[in-house]
Amino acid sequence: MRIGDAAAELETAAHVLRHWEDEGVVVPGRTASGHREYSAEHLSRCRIVLSCQGVGMSLAEIRAILHRGEAGRASVIAARLVAIRAQRISLDSAEQFLLHVRECRHDFMTRCPECSEYAG
Ligand SMILES: [Zn+2]
């Protein structure tokens, strides 16, 4: 399909897809007349890019992850796994804090040992 249809299907803008192409993240084929042609495979890759962006990955990281032969791919993945695990710990901690605050009876958070603990 053409870029406009692909963008609509992905609920993103055509300029975003052109940027991804410029960055070598998702490079569509070309029709005989030179128009970009997105296959189902390209759309799947685009959806992976959107999901990766949704959790904070940069286009450079995503390109490295998507291309098996990309230099530094293993280290990009390793660094991302470390970051994701750290984020998970932070999110768990924030969840526990909020669950506590919802029930906290102290007028001042600073006087509550459990609230203060979240301040580190
Ligand atoms: Zn508290």
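In every chain, residue numbers begin from 1 and rise along the written sequence. For a predicted model such as this one, the threshold for reporting local features is a pLDDT of at least 70, and the threshold for listing and counting side-chain atom pairs is 80 or more; totals across whole chains, interfaces and linings nevertheless cover every residue. Side-chain measures here rest on the full set of heavy atoms in the structure, leaving out hydrogens and waters.

Caption draft 1: Spatial organisation of the side chain of Arg 45. Helix and strand definitions here come from DSSP, where helices need a minimum of 4 consecutive H or I residues and strands a minimum of 2 consecutive E residues; each element is numbered from the N-terminal end. Note on placement: Arg 45 falls in helix α3 (residues 40-54). We call two residues contacting when some pair of their heavy atoms lies within 4.5 Å. Excluding anything up to four places from it in sequence, Arg 45 contacts Val 25, Val 26, Leu 66 and His 67.

Caption draft 2: Broad picture of the domain arrangement of the chain. When the domains of the chain are assigned, the result is domain 1 (1-68) and domain 2 (72-120). Of the residues lining the interface, 8 residues belong to domain 1; the matching set on domain 2 comes to 5 residues. Overall, the association of domain 1 and domain 2 removes approximately 620 Å² of surface from exposure, summing both partners, and the carbon and sulfur fraction of that is 55%. Salt bridges are counted wherever a side-chain nitrogen of Lys or Arg sits within 4 Å of a carboxyl oxygen of Asp or Glu. Here domain 1 and domain 2 share 1 salt bridge between them. Ionic pairing is found between Arg 80 and Glu 61, a salt bridge with its closest N-O pair at 3.3 Å. Residue polarity is assigned by list, with Asp, Glu, Lys and Arg as charged and Ala, Val, Leu, Ile, Met, Phe, Trp, Tyr, Cys and Pro as nonpolar; anything else, Gly included, falls into the polar class. Residue composition of the side of domain 1 that touches domain 2, by class: 4 nonpolar, 2 polar and 2 charged. Domain borders in the structure are assigned automatically or taken from a domain database. Computed with a 1.4 Å rolling probe, the buried area is the accessible surface lost when two parts are put together, summed over both parts.

Caption draft 3: Local environment of the coordination of the zinc ion. In the first shell of the zinc ion, the protein supplies His 100 (NE2), Cys 104 (SG), Cys 112 (SG) and Cys 115 (SG), at 2.0 to 2.3 Å from the metal. The rule for donors is simple: N, O or S, within 2.8 Å of the metal, or within 3.2 Å if the metal is Na, K or Ca. Water isn't counted, so a site may look like it is missing partners. When four donors show all angles between 85 and 135 degrees the site is tetrahedral, when four or six donors have opposite pairs over 155 degrees and all other angles between 65 and 115 it is square planar or octahedral respectively, and in every other case it is irregular. Coordination at the zinc ion comes from 4 donor atoms whose angles at the metal span 102 to 116°, giving a geometry best classed as tetrahedral. Mapped onto the sequence, the donors of the zinc ion take the spacing H-x3-C-x7-C-x2-C. Note that His 100 is positioned in helix α5 (residues 73-103) and Cys 112 in the loop between α5 and α6 (113-118), a separation of 12 residues in sequence. Just as His 100 is buried, Cys 112 falls in that class too. Buried means the residue's accessible area, taken with a 1.4 Å probe over protein chains only, is under 20% of the maximum for its type, while exposed means over 50%, and partly exposed covers the values in between.

Caption draft 4: Highlighting the packing of helix α1 (residues 3-10) against α3. Taken N-terminus to C-terminus, the directions of α1 and α3 make an angle of 45°; their axes are 11 Å apart at the nearest point. As far as their axial angle goes, α3 and α1 are oblique. Note that α1 runs across α3; the crossing there is right-handed. In this structure, α1 contributes Ala 6, Glu 9 and Leu 10 to the contact, and α3 contributes Leu 43, Cys 46, Arg 47 and Leu 50. Here the residues of the contact of α1 with α3 sort into 5 nonpolar, no polar and 2 charged. Note on geometry: axes are lines fitted to C-alpha atoms, helical ones only across the stretch in contact, with angles between N-to-C directions running from 0 to 180 degrees. Note on terminology: angles under 35 degrees are roughly parallel, angles over 145 are roughly antiparallel, angles of 65 to 115 are roughly perpendicular, and the others are oblique. Helix crossings get a hand from a simple test, with the near helix turned counterclockwise from the far one by less than a right angle marking a left-handed crossing and a clockwise turn marking a right-handed one.

Caption draft 5: Inspection of the UniProt feature "domain: HTH merR-type" (unreviewed entry) in the chain at higher detail. UniProt positions are given in the numbering used here, feature names are shortened, and annotations may be inferred rather than shown by experiment. Here the UniProt-annotated "domain: HTH merR-type" (unreviewed entry) positions come out as residues 1-68. Measuring from the first to the last C-alpha atom of residues 1-68 gives 25 Å, for a span that is 59% helix and 6% strand.

Caption draft 6: A look at the nonpolar core. Residues belong to a common nonpolar core when they are buried Ala, Val, Leu, Ile, Met, Phe, Trp, Tyr or Cys residues joined through side-chain atoms within 4.5 Å. Grouped together as the largest cluster of nonpolar side chains are 17 residues, with contacts concentrated most on Leu 17, Trp 20, Val 25, Tyr 38, Cys 46, Val 49 and Ile 62. Mapped onto this core, the elements with two or more residues apiece are α1, α2 (14-22), α3 and α4 (59-66). The contacts of Leu 17, once residues within four sequence positions are left out, are Ile 3, Ala 6, Ala 7, Leu 10, Thr 12, Tyr 38 and Cys 46.

Caption draft 7: Expanded view of the pattern of salt bridges. Within this structure, the stated rule accounts for 7 salt bridges. Here Arg 63 ties to Glu 23 by a salt bridge, and the two come within 3.9 Å at their closest N and O atoms. A residue pair is termed long-range when its members are at least 10 positions apart, and Arg 63 in helix α4 and Glu 23 in the loop between α2 and β1 (29-30) qualify at 40 residues. Judged by relative accessible area, Arg 63 falls into the partly exposed class, the value being 22%. Residue classification places Glu 23 among the partly exposed positions, given a relative accessible area of 32%. With a closest N to O distance of 3.3 Å, Arg 63 and Glu 70 form a salt bridge. Of the residues examined, Glu 70 reaches a relative accessible area of 29% and is grouped as partly exposed.

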